[in-house]
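Single-letter residue listing:
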Amino acid sequence: MDLLVTYDVDTTTREGQRRLRRVAKICEAYGHRVQKSVFEVVCRDTDELRLIATLRATIDHERDSIRLYSLPSGALDEVEHLGVSREIDPRGPIVI
């Protein structure tokens, strides 16, 4: 399964800044960062469920927003970049 994960965490407080770092660490464990708050994730269904549960338990549901886009399998292999981009193999190893 291919996913695009985007998030917007309210960082106006220290706790919000900590949540932002936790959300980023969680996403880094599952996928590749392609922009500051955007991750491409290739995972199994069970990994997606774990990712969602972990993110749900981490965010402030009144202040933060996370969007997960389910993409057709292999969609991340067909991404077109404009401007500066890092060459990322979405199915390659994740270095934590």
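Remember, predicted model here, so these are calculated numbers, not experimental data.

Caption draft 1: The arrangement of the overall build of the protein chain in detail. Of regular secondary structure, the protein chain possesses two helices and four strands. Counting helices and strands in the order they occur from the N terminus, the protein chain gives β-α-β-β-α-β. The 96 residues of the protein chain split such that 33% are buried. Restricting to contacts in the protein chain with at least 6 residues of sequence separation, those with at least 24 account for 70%.

Caption draft 2: Layout of the nonpolar core. Counting residues in hydrophobic clusters, the biggest one holds 16 residues, and the most contacted among them are Val5, Tyr7 and Val23. For this core, the element with the highest residue contribution is helix α1 (residues 14-30), accounting for five residues. Excluding anything up to four places from it in sequence, Val5 contacts Cys27, Ser37, Val38, Phe39, Val41, Leu51, Ile66, Arg67 and Leu68.

Caption draft 3: Expanded view of the side chain of Glu48. With respect to the secondary-structure elements, Glu48 resides in helix α2 (residues 45-58). Here Glu48 occupies a buried position and makes no salt bridge, while the nearest side chain of opposite charge, Arg56, is found at 9.5 Å. When sequence neighbours within four positions are dropped, the list of residues in contact with Glu48 reads Met1, Leu3, Cys43 and Ser70.

Caption draft 4: Just the packing of aromatic side chains, in detail. One pass over the structure, following the stated rule, counts one aromatic pair. Ring centres 6.2 Å apart and planes at 25° place the aromatic pair Tyr7 and Phe39 in the stacked group. In this pair, Tyr7 is assigned in strand β1 (residues 2-8) and Phe39 in strand β3 (residues 38-42), connecting sequence segments 32 residues apart. Each member of the pair, Tyr7 as well as Phe39, carries the same accessibility label: buried.

Caption draft 5: Region of the structure containing α1. Between its first and last C-alpha atoms α1 spans 25 Å; for 17 residues at 1.5 Å apiece the expected length is 24 Å, and the two agree. Where the residues of α1 are buried, they touch β1, β2 (31-35), β3, α2 and β4 (65-71).

Caption draft 6: Spatial organisation of α2. With 14 residues, α2 should cover 20 Å at 1.5 Å per step; its first-to-last C-alpha distance of 20 Å lies within 8% of that length. Those residues of α2 that fall on the buried side of the exposure criterion are Asp47, Glu48, Leu51, Leu55 and Thr58. Projected onto a plane normal to the axis of α2, the buried residues spread over an arc of 100° and lie on a single side. Of the residues in α2, the exposed ones pointing more than 90 degrees away from the buried face are Leu49, Arg56 and Ala57.

What counts and how
- Residues numbered from 1 in each chain as written.
- Predicted model: local features only at pLDDT ≥ 70, side-chain atom pairs only at ≥ 80, totals over all residues.
- Heavy atoms only, no water.
- Helix = DSSP H or I, 4+ residues; strand = E, 2+ residues; numbered from the N terminus.
- Buried < 20%, exposed > 50% of the residue type's maximum accessible area, 1.4 Å probe, protein only.
- Contact = heavy atoms within 4.5 Å.
- Core = buried A, V, L, I, M, F, W, Y, C linked by side-chain atoms within 4.5 Å.
- Lys, Arg positive; Asp, Glu negative; His and termini not counted.
- Salt bridge = Lys/Arg side-chain N within 4 Å of Asp/Glu carboxyl O.
- Phe/Tyr/Trp six-rings, centres within 6.5 Å; stacked < 30°, edge-to-face > 60°.
- Expected span 1.5 Å × (residues − 1).
- Arc of directions from axis to C-beta.

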